[in-house]
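Residues per chain, in single letters:
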Amino acid sequence: MYIGVDVGGTNLKAARISEDGTIVERRTEAVARGSAAELFGRLESLIRDLDAGGVKGVGVGVPGIIDRDGRVRVAPNLGILDGQFVGQELQRRTGKPTFIENDANAAALAEAWLGAGGGVDNLLFVTLGTGVGGGLILNGRVWSGISGYAGEVGHIQVEEGGWSCGCSSRGCVETIAGAAGWGRVAEARLSGGRRSVLRGQDLTPERISEAARGGDPVALEVVEEAARALGIGIAAALLLVNVERVVIGGGVARAGAVLLDPVIRHTRKRLFPDLFADSLICLASVGGDAGVIGAARVAMVGLLGPVR
Ligand SMILES: [Zn+2]
């Protein structure tokens, strides 16, 4: 048994998970945002509460950049974690071997293990939400780089002089394919006075992809722009790492085939035919539990290596 903990900006999810990935028991609560000490206290009692004996290790996914020493460099949506050594602190408190990982990297591991990866060892995970995150699995392990930035495909530049991005650059994939990007592209197209069912609507990716499925030309162009940005990012990533699977997840990916098909088209036209043919691009399939399952897998891989 392993415990997986998914620390989100809003919720804390934790579960005891068996070696085949089955969730045996789970807890969800609001995340403590007052101080790091308060959050560590909550995490400690959650872990003790879920440990019915026989728990070999604990994995924790956090929404931040984690360097190779296990220090949270920056957690934009949960600033109390900045500079904290979450794994070391929890291990000291609970006595259980504890491993920390970026949340997108943990979800990538869940997809490689049980999801759309279907047990592959090499995978790129792209998560589409407010931001565009990424996670890279190489030889069954997370590769996060020396300071934690590896796999951040959302910040590959696709428009020199494009919209400014939170990372300090401009025109990143995220500025077009993140949730806000969809809205900005739609607004720009609508300002030209064109007819569209989107006029006067909330310009969310959900609404836009629904309109695209209904054939609205403006909505289709917005999806096409997001797909082009993602295709450029994914093609660049594949040229670097040549992995066998690219999995696209996150809330915006619920757009489904209307987004996936043009992403595949835009990726294909930028790659060696052979390289493209060996990389299957598909939608995520683990769902809402990917965070806790991936975190548990982080602990399992940390203790046993990338076993099946
Ligand atoms: Zn950026």
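Criteria and thresholds
Residues numbered from 1 in each chain as written. Predicted model: local features only at pLDDT ≥ 70, side-chain atom pairs only at ≥ 80, totals over all residues. Heavy atoms only, no water. Donors = N, O, S within 2.8 Å, 3.2 Å for Na, K, Ca; no water. Tetrahedral: all angles 85-135°; square planar, octahedral: opposite > 155°, others 65-115°. Core = buried A, V, L, I, M, F, W, Y, C linked by side-chain atoms within 4.5 Å. Buried < 20%, exposed > 50% of the residue type's maximum accessible area, 1.4 Å probe, protein only. Helix = DSSP H or I, 4+ residues; strand = E, 2+ residues; numbered from the N terminus. Contact = heavy atoms within 4.5 Å. Salt bridge = Lys/Arg side-chain N within 4 Å of Asp/Glu carboxyl O. Pairing = 2+ DSSP bridges. Axes fitted to C-alpha atoms, helices over the stretch in contact; angles between N-to-C directions. Left-handed = near helix turned anticlockwise from the far one by under 90°. Nonpolar A, V, L, I, M, F, W, Y, C, P; charged D, E, K, R; others polar.

Draft legend 1. Fine view of the coordination of the zinc ion. Looking at the metal site, the zinc ion is ligated by His155 (ND1), Cys165 (SG), Cys167 (SG) and Cys172 (SG), spaced 2.0 to 2.3 Å from it. Seen from the zinc ion, its four donor atoms lie at angles of 102 to 124°, and the figure they make is tetrahedral.

Draft legend 2. Region of interest: the nonpolar core. In terms of nonpolar packing, the biggest core is built from 46 residues, with Val126, Leu128, Trp182, Ile208, Leu230 and Leu259 touching the most fellow members. The element best represented in this core is helix 7 (residues 217-241), accounting for 13 residues. Setting aside residues up to four positions removed in sequence, Leu259 forms contacts with Leu128, Trp182, Val223, Ala226, Ala227, Leu230 and Val252. The next biggest cluster of nonpolar side chains, apart from the first, holds 27 residues, and it includes Ala15, Ala106, Ala107 and Ala110.

Draft legend 3. Fine view of the pattern of salt bridges. In total, this model carries 19 salt bridges according to the counting rule given. In this structure, the salt-bridge partner of Arg93 is Glu44, at a minimum N-O distance of 3.0 Å. Here Arg93 is found in helix 2 (residues 86-94), whereas its partner Glu44 is found in helix 1 (residues 36-50), with 49 residues between them in sequence. According to the relative accessible area criterion, Arg93 is partly exposed, its value standing at 23%. Residue classification places Glu44 among the buried positions, given a relative accessible area of 18%. Through salt bridges with shared partners, one network takes in Glu44, Arg48, Glu89, Arg92 and Arg93.

Draft legend 4. View of the environment of Asn105. Within the secondary structure layout, Asn105 lies in helix 3 (residues 103-114). Each C-alpha atom, one on Asn105 and one on Gly119, is 16 Å from the other, the two residues being 14 residues apart in sequence. Setting aside anything within four residues of it in sequence, one finds Asn105 in contact with Gly134, Gly135, Leu136, Ile137, Val142 and Ser144.

Draft legend 5. Layout of the sheet that holds strand 7 (residues 98-102). Taken together, five strands build an open sheet; the order of strands is 3-2-1-4-7 and the sheet is mixed. A single partner strand is all that each edge strand has here, and the edge strands are strand 3 (23-30) and strand 7. In this sheet, adjacent strand axes meet at a mean angle of 15° when their direction is disregarded. Alignment of strand 1 (residues 2-7) against strand 4 (residues 57-62), held across five bridges, turns out to be parallel.

Draft legend 6. Quick look at the packing of helix 6 (residues 205-213) against helix 7. Viewed as axis vectors pointing N to C, helix 6 and helix 7 meet at an angle of 115°, and their least axial separation amounts to 8 Å. When the axes of helix 6 and helix 7 are compared, the crossing they make is left-handed. Contacts between helix 6 and helix 7 involve Ile208, Ala211 and Ala212 from the first element and Ala219, Leu220, Val222 and Val223 from the second. Partitioned by chemical class, the residues of the contact of helix 6 with helix 7 number seven nonpolar, no polar and no charged.

Draft legend 7. Summary view of the side chain of Ser144. As for its position among the elements, Ser144 is in the loop between strand 10 (141-142) and helix 4 (173-177). Leaving out residues up to four positions away in the same chain, Ser144 has contacts with Glu101, Asn105, Tyr149 and Ala150.

Purely spatial values, then, with no claim about function.
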